[in-house]
Amino acid sequence: MKHQDVINWKINQLNQTCEQPLTAEMNDYITAHPELAEELSLIEQFWQTEPPLSERPAASVRTHFYTMLADEKQNLKLKQKNRINTWFDTVIDWFTLPRLAQSFALLAVFTLGLSINDVEVIDPQDSSIAALQQEVASLSSLVAMSMLNRSSASERLSGVSFSLKAGLADPNLTSTLLALLENDGSTAVRLAVINAFAQSKIESRIEDNLISLTVNEKNPLVQIALCRLLFSTGSQNAQSTLNSRLNTINLNQDVSQYLLQINAKNRI
Amino acid sequence: MTDEKELMLSVQKGNLDDLAVLFENNHVQLYHYFLRTGNSRAVSDDLVQETFVKVLAYRSSFNGTASFRSWLYGIARNTTADYYRKTKHSRQYEDIDEHEVDANICLTEQIAGEQQQVLFDKSLASIPSDQREILILSRYAQLNYQEIADMNGCNLNTLKARMCKAVTNLQIAYRRLSKEIKQ
């Protein structure tokens, strides 16, 4: 038995990488070496003293990170769009799966068109189809809400993406999304929720909630995203209400700058 | 909670939103790592930013053989070295005046958490930098011995011996500083 064996055991125990309890041999060794007992006590204090809350990174670190992430996502999209095709790539492109699928689809439509008179057209008004569609939509909403309540931020992000596919017509689903937008600890999840609202029509009952959230938001990145959402897709009434409420509060410099740009653009 | 290694592999595949989860889980500890290895608060902020810029830029180099954290702190160390090479600054701890330990506070069980942290910080600052780093990586980054050994390019037994020395030196420094305050 050596000092380092006991110290290593203690550190592993504090880091929760060791479940082995203190052995009798170790205990006797510590008793025989009082200076080691002092060191163990110091290690315990050092591990258990939490740094003060004032020692946190500046808010700009987070803002910078999310801006960088958004830029990189944009770059990835542009790279995919601007892929330069050589003539060889163009020829090969015609033999890729999507192109082949398109060709077969065209062929199928042509063939279908030839025999359309012999096929019984399904009445879209059929109530059983509508009921089935409603049930599917309801199940999708349930699955989305289950994902949105997970403890892991990445699972909640997947839930937001699934909600979009499920459609945001379900009021329970939109309420859950609004709650996430207000309270979620992950900025990424909150930004994803805003993005989801941006891709569907905002109902008037939700606009008031979004305006309040925007005015009370402390995170400048989220606040800018909310302003962008309401000024691009919100009703005229919502936009003017938001404008007048934002004028009554102190805004972060980045948010003020963004609003100045928006107002300048609107005047052009 | 999804494994950090899996999240990073997912980022490699193009799911960049998963990097946000890794950022939220690690950026505060990373900040503490930089602060306690002798950087000012402003420099620590810059180093956290720069580390995650590199994590994103070099995401394809993460091969999943080591844990995400040990890969992250490997980048963090290189980022620090690059920073000081470019700026030609030397590290110095935050102005000690800002963290003056109140001599009127009695050093028994009643010592406040913050004052205790200051004592630990000062004690850490006074031990050799290689010993300081392994203590910080174990305490704040919560890397295991093998990961720290790999990062330092030494074997496990060597690391255990260094850790033992680090703790002894920390104890000596802490005792000395505590006595100075009492006097």
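Residues numbered from 1 in each chain as written. Chains lettered and ligands numbered in written order. Predicted model: local features only at pLDDT ≥ 70, side-chain atom pairs only at ≥ 80, totals over all residues. Heavy atoms only, no water.

Counting its secondary structure elements, chain B contains eight helices and zero strands. Each helix and strand of chain B, placed in order from N terminus to C terminus, yields the pattern α-α-α-α-α-α-α-α. For chain B, the proportion of its 183 residues judged to be buried stands at 53%. Entry remark: accessible area of chain B is about 8700 Å², with carbon and sulfur atoms responsible for 47%. (Helix = DSSP H or I, 4+ residues; strand = E, 2+ residues; numbered from the N terminus. Buried < 20%, exposed > 50% of the residue type's maximum accessible area, 1.4 Å probe, protein only. Areas by Shrake-Rupley, 256 points an atom, 1.4 Å probe, with all protein chains shown as cover.)

Here we come to the interface of chain B and chain A. Across the boundary between the two partners, chain B contributes 49 residues, which contact 40 residues of chain A. The junction of chain B with chain A conceals about 4200 Å² of combined surface from both sides, 64% of it contributed by carbon and sulfur atoms. Our count for the contact surface shared by chain B and chain A stands at four salt bridges. For Arg 175 of chain B, the salt bridge is made with Glu 38 of chain A, and the minimal N-O distance between the two is 3.4 Å. (Contact = heavy atoms within 4.5 Å. Buried area = accessible area lost by both parts, 1.4 Å probe. Salt bridge = Lys/Arg side-chain N within 4 Å of Asp/Glu carboxyl O.)

Next up on the list: the confidence of the model for chain A. Close inspection of predicted coordinates is inappropriate for parts of the model with low pLDDT. Averaged over all residues, the pLDDT of chain A equals 79, while 81% of them reach at least 70. Confidence, read as mean pLDDT per element, is least for helix H5 (residues 87-93) of chain A in chain A (61) and greatest for helix H2 (residues 24-32) of chain A (90). (pLDDT = per-residue confidence, 0-100.)

What follows deals with the environment of Leu 259 of chain A. Residues and elements named next belong to chain A. Checked against the element boundaries, Leu 259 lands in helix H14 (residues 253-267). The spacing of Leu 259 and Arg 228 is 31 residues in sequence and 9.1 Å in space, taken between C-alpha atoms. In contact with Leu 259, not counting residues within four places along its chain, are Cys 227, Phe 231, Leu 246 and Leu 251.

The next point concerns the confidence of the model for chain B. All names here are of chain B. When the pLDDT values of chain B are averaged, the result is 83; 83% of them are 70 or greater. For chain B, per-element mean pLDDT is lowest for helix H5 (residues 113-126), which scores 83, and highest for helix H3 (residues 41-57), which scores 94. Within the model, the stretch residues 92-110 combines pLDDT values under 50 with 31 contacts to residues more than four positions away or in other chains. Overall fold confidence for the complex sits at a pTM of 0.55, while the interface term, ipTM, reaches 0.81.

Below, the discussion takes up the nonpolar core. Residues Phe 65, Phe 197 and Leu 210 of chain A together with Met 8, Leu 19, Tyr 73 and Leu 135 of chain B are the most contacted members of the largest nonpolar core, which totals 115 residues. With ten residues, the single largest contributor to this core is helix H2 (residues 17-36) of chain B. If we ignore the near neighbours within four places in the chain, the residues touching Met 8 of chain B are Leu 19, Leu 22, Val 55, Arg 59, Phe 62, Phe 68 and Trp 71 of chain B. (Core = buried A, V, L, I, M, F, W, Y, C linked by side-chain atoms within 4.5 Å.)

Moving on: helix H11 (residues 204-216) of chain A. Each α-helix winds once per 3.6 residues, and so residues spaced three or four apart point in a common direction. Counted at 1.5 Å a residue, the expected span for H11 of chain A with its 13 residues is 18 Å, and the 19 Å between its end C-alpha atoms agrees. On its buried side, H11 of chain A packs onto helix H9 (171-183), helix H10 (187-198), helix H12 (220-233) and helix H13 (236-246) of chain A. (Expected span 1.5 Å × (residues − 1).)

What follows deals with helix H1 (residues 3-14) of chain A. Residue and element names in this part refer to chain A. Taking 1.5 Å as the rise per residue, H1 with twelve residues should run 16 Å; its terminal C-alpha atoms sit 17 Å apart, in good agreement. In terms of burial, H1 is a largely internal element, nine of the twelve residues being buried. His 3, Gln 4, Val 6, Ile 7, Asn 8, Trp 9, Lys 10, Ile 11 and Leu 14 are the residues of H1 that are buried. Directly beyond the C-terminal end of H1, a positive phi value near 60° is found at Gln 16.

Attention now goes to the packing of H1 of chain A against H2 of chain A. Residue and element names in this part refer to chain A. Remark: H1 packs on H2, axes separated minimally by 11 Å, with the N-to-C direction vectors making an angle of 115°. The interaxial crossing formed by H1 with H2 has left-handed handedness. On H2, the residues touching His 3, Val 6 and Trp 9 of H1 are Met 26, Tyr 29 and Ile 30. Taken together, the residues of the contact of H1 with H2 sort by class into five nonpolar, one polar and no charged. (Axes fitted to C-alpha atoms, helices over the stretch in contact; angles between N-to-C directions. Left-handed = near helix turned anticlockwise from the far one by under 90°. Nonpolar A, V, L, I, M, F, W, Y, C, P; charged D, E, K, R; others polar.)

Residues and elements named next belong to chain A. Running from N to C, H9 and H11 point in directions that differ by 5°, and their axes come no closer than 11 Å. Compared by their axis directions, H9 and H11 come out roughly parallel. Facing H9, whose interface residues are Pro 171, Thr 174, Leu 178, Leu 181 and Glu 182, H11 presents Arg 205, Ile 206, Asn 209, Leu 210 and Leu 213. (Parallel < 35°, antiparallel > 145°, perpendicular 65-115°, else oblique.)

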